[in-house]
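Chain residues, written in single-letter form:
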2 protein chains.
Amino acid sequence: MKRIIKSVTLSVLLTTQTFAISLIDEAKKSGLIAIPAENKVLNKLISNPNNYMNQAKLTLGMMLYFDPRLSKSGLISCNTCHNLGLGGSDGMSASVGDKWTIHPKHLNSPTVYNAVFYTRQSWDGRNPDLEDQAHGPIQAKPVMASSKEYITTFINSIPEYVDRFHKAYGSTGEIPFEQVGHAIAAFERTLVTPSRYDDFLNGNIKALTQTEQKGLKTFIDKGCVSCHNGIALGGTMQPFGLLTPYKHIEAGSFRGDKNGMVRVPTLRNITETAPYFHNGKIEVLPEAIKEMGRIQLGIELSDDETNQIEIFLKSLEGKKPSIVYPALPASTKKTPKISP
Amino acid sequence: MKRIIKSVTLSVLLTTQTFAISLIDEAKKSGLIAIPAENKVLNKLISNPNNYMNQAKLTLGMMLYFDPRLSKSGLISCNTCHNLGLGGSDGMSASVGDKWTIHPKHLNSPTVYNAVFYTRQSWDGRNPDLEDQAHGPIQAKPVMASSKEYITTFINSIPEYVDRFHKAYGSTGEIPFEQVGHAIAAFERTLVTPSRYDDFLNGNIKALTQTEQKGLKTFIDKGCVSCHNGIALGGTMQPFGLLTPYKHIEAGSFRGDKNGMVRVPTLRNITETAPYFHNGKIEVLPEAIKEMGRIQLGIELSDDETNQIEIFLKSLEGKKPSIVYPALPASTKKTPKISP
């Protein structure tokens with residue numbers, strides 16, 4: 001009797017192992033990629049040859065990321081809409097900017113976590129990289145409402161900032177506008193959140209529960225992976241709502257880029273960044289999953305399949321980098337007055 | 001010759017020492033008090049017997065302090081107006097609140113750092129302590145625009161928050177509104193910033209330069225210390241603009257409490273919290289110092305005296321507690337919708 005139980009247990013164990021190993025293989029073949037476990041490999045992956053990293057630049061970028069004085073009002077920082085405490089987003093359907101302006105296209109703030117792995121930035125993919133993106137909201141009138149002139153005057157009016165830029169860039173003299181976005185982007189490049197899912201893809205078959213593995217299998221089998229792939233499980237430009245139109249398409253004027261293509265959002269930490277879709281019109285994850293199946297894959301996902309996928313998505317909750325809230329250098333007499 | 005030089009040096013040294021030692025004595029007699037160097041003494045001083053501290057409560061309070069979802073819009077946290085990276089204030093003349101409302105009385109956001117040492121909270125001293133104060137802005141329509149009902153629904157909709165409250169208070173069941181402000185206040189009580197000035201008062205006569213010591217002497221001799229005393233160098237209720245009216249009194253409707261008394265702001269970190277006065281109408285420190293002399297002491301401070309006092313005030317820049325930016329628990333289906 002004991003021997004039979006042992007043998008059954010062993011056989012279940014083997015089946016479980018075989019399933020996990022073949023699932024990892026299938027996941028990789030489907031285009032899913034883990035965040036590298038080795039720091040050296042990861043660091044190479046997240047760096048931009050045109051924006052070399054050093055500790056001075058990272059610290060500076062982090063300070064700028066949290067500094068609301070980059071906005072004309074002095075009230076809005078990068079962290080306002082891409083709140084590192086709220087999954088890198090703001091929990092609103094559409095972001096609120098300068099003078100309490102709801103985003104004119106009713107766009108939902110995308111998370112900054114793992115955005116480094118995207119091939120294009122912004123919902124319409126207009127920015128090739130984080131460096132380019134960082135300059136947009138700072139100057140956009142409905143967001144931070146600053147200008148190149150304001151930002152350069154601001155930075156150059158604060159000796160500590162000037163000094164930090166000189167150290168970060170090995171430069172002297174006046175700080176140019178471009179370096180501000182570059183420093184912010186350097187910091188953003190480090191906002192990577194490895195999860196149990198990565199451990200699993202990296203070979204630790206116990207890192208995901210069997211239920212989560214089943215969810216991953218469904219995620220692959222149903223075709224979600226055709227857009228949500230790569231390290232970010234997203235980040236490329238894809239056609240949107242081709243098979244069936246998105247049920248809330250009328251909310252806001254966003255229709256993608258000139259070809260109707262939309263940048264696929266990452267699924268990492270998706271449980272922390274409701275509401276969903278570019279206009280934030282879907283509030284809960286099961287509804288978002290079903291809607292995606294309907295409009296992108298032309299299928300009706302059952303409650304059971306939806307639940308499986310949701311359980312898998314929860315395993316993508318990652319470990320956030322630890323950030324000590326920065327003491328920002330005080331404004332000086334030369335600092336331009338902020339005007340709410 | 002050598003002996004003479006030695007003897008002169010020794011005599012200068014002795015004079016310097018004597019000056020410093022007698023200055024410390026004078027400062028203490030004038031009512032100036034150092035932040036205690038001993039943690040045990042400090043901890044006793046900052047604690048509230050009705051709001052006992054423990055690590056669980058401090059962490060929870062810190063999370064709530066940074067959580068913008070305590071506001072109706074989901075956009076404004078305690079840290080928005082009392083930004084721990086900006087000297088505990090917001091750098092604006094008057095704060096901006098819900099729906100971009102400039103504070104109706106055009107009040108300047110007071111720093112939260114060292115507010116634990118105040119005898120009364122808020123410009124008109126209406127709150128006896130930080131616990132009482134913390135509930136005000138959360139509910140005030142022009143600030144965070146929440147309500148007791150909203151806050152309790154919000155907290156009780158997020159299992160991680162409920163769990164953290166239970167651990168902090170050793171309680172079970174639903175979280176009452178009062179505990180929210182209490183937890184925030186417990187965290188705020190720890191926002192103490194010891195400086196070189198404290199080292200000096202605590203007996204290290206080299207902690208302040210001779211110029212800074214001279215500034216402290218002028219600060220005492222001119223009478224600034226008659227209101228700016230205690231640990232906070234401020235924090236009590238005092239008559240305002242009695243001798244000469246404040247030159248910007250017309251800006252905003254604030255005229256103090258029912259007796260015209262105003263809560264004296266701390267001078268700690270004052271170099272980081274421009275603009276100055278209750279309505280933020282004075283932008284630079286020398287002007288603020290001179291205006292204070294004029295309206296509170298009835299004297300015209302010379303440029304030299306003003307400069308000495310400013311140099312002393314700079315020595316009050318303190319070491320801020322290191323705070324790891326918190327990961328906030330995600331909203332759930334039960335969390336009330338935020339509405340910007």
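Please read these numbers as outputs of a predicted model, since none were measured by experiment.

## Overview of the overall build of chain A
When helices and strands are counted, chain A shows 12 helices and four strands. Its C-alpha radius of gyration of 22 Å places chain A within 12% of the 20 Å reference for a compact globule of 340 residues. Expressed as lengths along the three principal axes of its C-alpha atoms, the size of chain A is roughly 85 × 45 × 30 Å. Within chain A, the proportion of its 340 residues that are buried is 48%. Of the contacts formed within chain A by residues at least 6 apart in sequence, a portion of 72% connects residues at least 24 apart.

## A short note on the interface of chain A and chain B
With 32 residues of chain A at the interface, the matching set in chain B holds 32 residues. Its residues placed into classes, the side of chain A that touches chain B shows 19 nonpolar, eight polar and five charged.

## A short note on the domain arrangement of chain A
Residues and elements named next belong to chain A. Domain assignment breaks chain A into domain 1 (42-188) and domain 2 (194-314). Its C-alpha centre places domain 1 at a distance of 27 Å from the equivalent point of domain 2. Taken together, the contacts link 23 residues of domain 1 with 27 residues of domain 2. Taken together, the residues of the side of domain 1 that touches domain 2 break down into nine nonpolar, 11 polar and three charged.

## Topic: helix H6 (residues 148-156) of chain A
Residues and elements named next belong to chain A. Among the residues of H6, Tyr150, Ile151, Phe154 and Ile155 are the ones counted as buried. Looking down the long axis of H6, one finds its buried residues gathered within 120 degrees of arc, a one-sided arrangement. Considering only its buried residues, H6 is in contact with helix H5 (130-139), helix H7 (159-169) and helix H8 (177-188).

## Considering the confidence of the model for chain A
Interpreting fine coordinate detail is not advised for predicted regions of low pLDDT. On average, residues of chain A score 95 in pLDDT, and 97% of them reach the 70 mark or higher. Among the scores for the predicted complex, ipTM is 0.95 and pTM is 0.95.

## So, the packing of helix H3 (residues 55-66) of chain B against helix H8 (residues 177-188) of chain B
All names here are of chain B. Running from N to C, H3 and H8 cross one another at 100 degrees; their axes reach a closest spacing of 7 Å. Compared by their axis directions, H3 and H8 come out roughly perpendicular. Between H3 and H8, the contacting residues are Lys57, Leu58, Leu60, Gly61, Met62, Leu64 and Tyr65 on the first element and Val180, Ala183, Ile184, Ala186 and Phe187 on the second. Grouping the amino acids of the contact of H3 with H8 by side-chain chemistry returns 10 nonpolar, one polar and one charged.

## Quick look at the nonpolar core
Core analysis: the largest hydrophobic core is formed by 171 residues, its most contacted members being Leu64(A), Ala183(A), Ile184(A), Leu64(B), Ala183(B) and Ile184(B). Dropping the residues within four chain positions of it, Leu64(B) is found in contact with Leu70(B), Val180(B), Ala183(B) and Ile184(B).

## Side note on unusual backbone geometry
Residues and elements named next belong to chain A. With omega at -5 degrees, the peptide bond leading from Ala274 into Pro275 counts as cis. With respect to the helices and strands, Pro275 occurs in the loop between strand S4 (261-263) and helix H11 (285-297). Of note in the backbone geometry, Lys99 takes a positive phi value of approximately 60 degrees without being a glycine. Of note, Lys99 is situated in the loop between strand S1 (96-97) and strand S2 (101-102). The class of Lys99 is partly exposed, set by 15 C-beta atoms lying within 10 Å.

## Looking at the relation of the copies chain A and chain B
Expressed as a screw operation, the relation of chain A to chain B combines 0.0 Å of axial shift with a rotation of 180 degrees, fitting to an RMSD of 0.0 Å. Accordingly, the operation relating the two chain copies is best matched by a two-fold axis. Of the C-alpha atoms belonging to chain A, the one lying closest to the rotation axis is found on Val324(A), 2.2 Å away. In this assembly, 100% of the residues forming the interface of chain A have copies in chain B that are likewise at the interface, indicating an isologous arrangement.

## Re the environment of Ala251(A)
Residue and element names in this part refer to chain A. Inspection of the secondary structure puts Ala251 in the loop between strand S3 (237-239) and S4. Its 17 C-beta neighbours within 10 Å are what place Ala251 among the partly exposed residues. A sequence separation of 37 residues divides Ala251 from Ala288, and the C-alpha atoms of the two residues are 16 Å apart. If we ignore the near neighbours within four places in the chain, the residues touching Ala251 are His106, Asn279 and Lys281.

## Quick word on the packing of H3(B) against helix H7 (residues 159-169) of chain B
When two helices pack together, their arrangement is given by the angle between the helix axes and the distance between those axes. Residues and elements named next belong to chain B. Where H3 meets H7, the axes come as close as 7 Å, and the angle between the chain directions of the two elements is 145 degrees. Remark: the crossing between H3 and H7 carries left-handed chirality. Two secondary-structure elements touch here, H3 through Ala56, Lys57 and Leu60 and H7 through Arg164, Phe165, Lys167 and Ala168. Of the residues contributing to the contact of H3 with H7, the split by class is four nonpolar, no polar and three charged.

## What to know about the environment of Lys334(B)
On the secondary structure map, Lys334(B) appears in the segment after helix H12 (303-314). Along the primary structure Lys334(B) and Glu305(B) are separated by 29 residues, whereas in three dimensions their C-alpha atoms are 60 Å apart.

## Looking at the environment of Lys290(A)
In this fold, Lys290(A) is placed in helix H11. Considered as a pair, Lys290(A) and Gly87(A) are 203 residues apart in the sequence and their alpha carbons are 22 Å apart.

## Describing H8(B)
Residues and elements named next belong to chain B. With 12 residues, H8 extends 18 Å between its outermost C-alpha atoms, agreeing within 8% with the 16 Å of an ideal straight helix rising 1.5 Å per residue. By the criterion of burial, H8 is predominantly enclosed, with nine of the 12 residues buried. Turning to H8, its buried residues number three or more, namely Val180, Gly181, His182, Ala183, Ile184, Ala185, Ala186, Phe187 and Glu188. Residues of H8 that are buried sit in contact with H3, helix H4 (78-81), helix H5 (130-139), helix H6 (148-156) and H7.

The rules behind each value
- Residues numbered from 1 in each chain as written.
- Chains lettered and ligands numbered in written order.
- Predicted model: local features only at pLDDT ≥ 70, side-chain atom pairs only at ≥ 80, totals over all residues.
- Helix = DSSP H or I, 4+ residues; strand = E, 2+ residues; numbered from the N terminus.
- Rg over C-alpha atoms; globule rule 2.2 N^0.38 Å.
- Buried ≥ 20, exposed ≤ 12 C-beta atoms within 10 Å, placed from the backbone.
- Contact = placed C-beta atoms within 7 Å.
- Nonpolar A, V, L, I, M, F, W, Y, C, P; charged D, E, K, R; others polar.
- Domains from an automatic or database assignment.
- Arc of directions from axis to C-beta.
- pLDDT = per-residue confidence, 0-100.
- Axes fitted to C-alpha atoms, helices over the stretch in contact; angles between N-to-C directions.
- Parallel < 35°, antiparallel > 145°, perpendicular 65-115°, else oblique.
- Core = buried A, V, L, I, M, F, W, Y, C linked by C-beta atoms within 7 Å.
- Least-squares fit on C-alpha atoms with pLDDT ≥ 70 in both.
- Left-handed = near helix turned anticlockwise from the far one by under 90°.
- Expected span 1.5 Å × (residues − 1).

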